[in-house]
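Take a look at the letters that make up each chain.
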Amino acid sequence: MKKTFIPLAFGLLVLLEGACSKSETTPPPSSSYSLEGKWVGTYNNGAGGPVNYFALTFKSGGAVVVHANNSLTPDVANGTWVQVADTIKATYSYTGSSAIYAMAAIYSSSSNVMTGTVGLSPVVTGEAVFSVTKQQ
């Protein structure tokens with residue numbers, strides 16, 4: 001009887017401890033950031049060059065407006081964007097310029113920061129690296 005009672009009592013104790021150690025936790029609320037809207041940050045040439053103002057405004061329907069170099073009197077570019085999974089790709093050109101730039105960036109709806117690269121189209125690297133934060 002003693003041989004059966006001790007393992008049975010030990011098993012019951014383990015079950016009670018497991019039941020008591022469970023706690024109900026609520027996951028923290030998740031933030032969600034829409035791609036559409038204004039994203040503001042900086043860019044540089046990727047090799048330690050000067051840091052410049054950079055802003056992207058993504059509009060519904062696939063239009064993008066780029067403001068660069070100076071926040072007060074920026075150079076303005078217009079173009080288009082598409083989203084494929086977590087990647088944003090865009091092409092744009094500045095007013096008065098024939099150069100077409102291509103951009104690729106990583107976007108997550110749970111983050112308010114987007115990072116990417118810019119190149120002369122069709123290449124998406126070689127001209128700049130940037131980081132922008134979603135404005136509320």
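Relevant structure appears above.
Quick look at the structure, then. (Residues numbered from 1 in each chain as written. Predicted model: local features only at pLDDT ≥ 70, side-chain atom pairs only at ≥ 80, totals over all residues. Heavy atoms only, no water.)

Considerations on the overall build of the protein chain
Argument step 1. Secondary structure summary: the protein chain contains 1 helix and 8 strands in total.
Argument step 2. Order of helices (α) and strands (β) in the protein chain, N terminus to C terminus: α-β-β-β-β-β-β-β-β.
Argument step 3. Considering only intrachain contacts with a sequence separation of at least 6, the fraction spanning at least 24 residues in the protein chain is 30%.
Argument step 4. A total accessible area of about 8900 Å² is found for the protein chain, and carbon and sulfur atoms account for 60% of it. (Helix = DSSP H or I, 4+ residues; strand = E, 2+ residues; numbered from the N terminus. Contact = heavy atoms within 4.5 Å. Areas by Shrake-Rupley, 256 points an atom, 1.4 Å probe, with all protein chains shown as cover.)

Side note on the nonpolar core
Argument step 1. Within the largest apolar cluster, 23 residues are counted, with the highest numbers of intra-cluster contacts made by Phe54, Leu56, Phe58, Met103 and Phe130.
Argument step 2. Counting only elements with at least two residues in this core, the list comes to strand 1 (37–44), strand 2 (52–58), strand 3 (63–69), strand 4 (75–84), strand 5 (87–94), strand 6 (101–106), strand 7 (113–120) and strand 8 (128–134).
Argument step 3. Discounting residues that sit within four places of it in the chain, Phe54 has contacts with Trp39, Val40, Gly41, Thr42, Tyr43, Val66, His67, Ala68, Tyr92, Tyr94, Phe130 and Val132. (Core = buried A, V, L, I, M, F, W, Y, C linked by side-chain atoms within 4.5 Å. Buried < 20%, exposed > 50% of the residue type's maximum accessible area, 1.4 Å probe, protein only.)

Regarding the side chain of Asn44
Argument step 1. Looking at the element boundaries, Asn44 is found in strand 1.
Argument step 2. Once residues lying within four places of it in the same chain are set aside, the contact partners of Asn44 are Gly49, Pro50, Val51, Glu127, Ala128 and Val129.

Section: unusual backbone geometry
Argument step 1. In this chain, Ser121 is followed by Pro122 through a cis amide linkage whose omega measures 10 degrees.
Argument step 2. Along the chain, the position of Pro122 falls in the loop between strand 7 and strand 8.
Argument step 3. Within the chain, Asn69 stands out as a residue other than glycine whose phi angle is a positive 85 degrees.
Argument step 4. Position of Asn69 among the secondary structure elements: in strand 3.
Argument step 5. A positive phi angle is found at Ala85, which is not glycine, with a value near 55 degrees.
Argument step 6. Within the secondary structure layout, Ala85 lies in the loop between strand 4 and strand 5.

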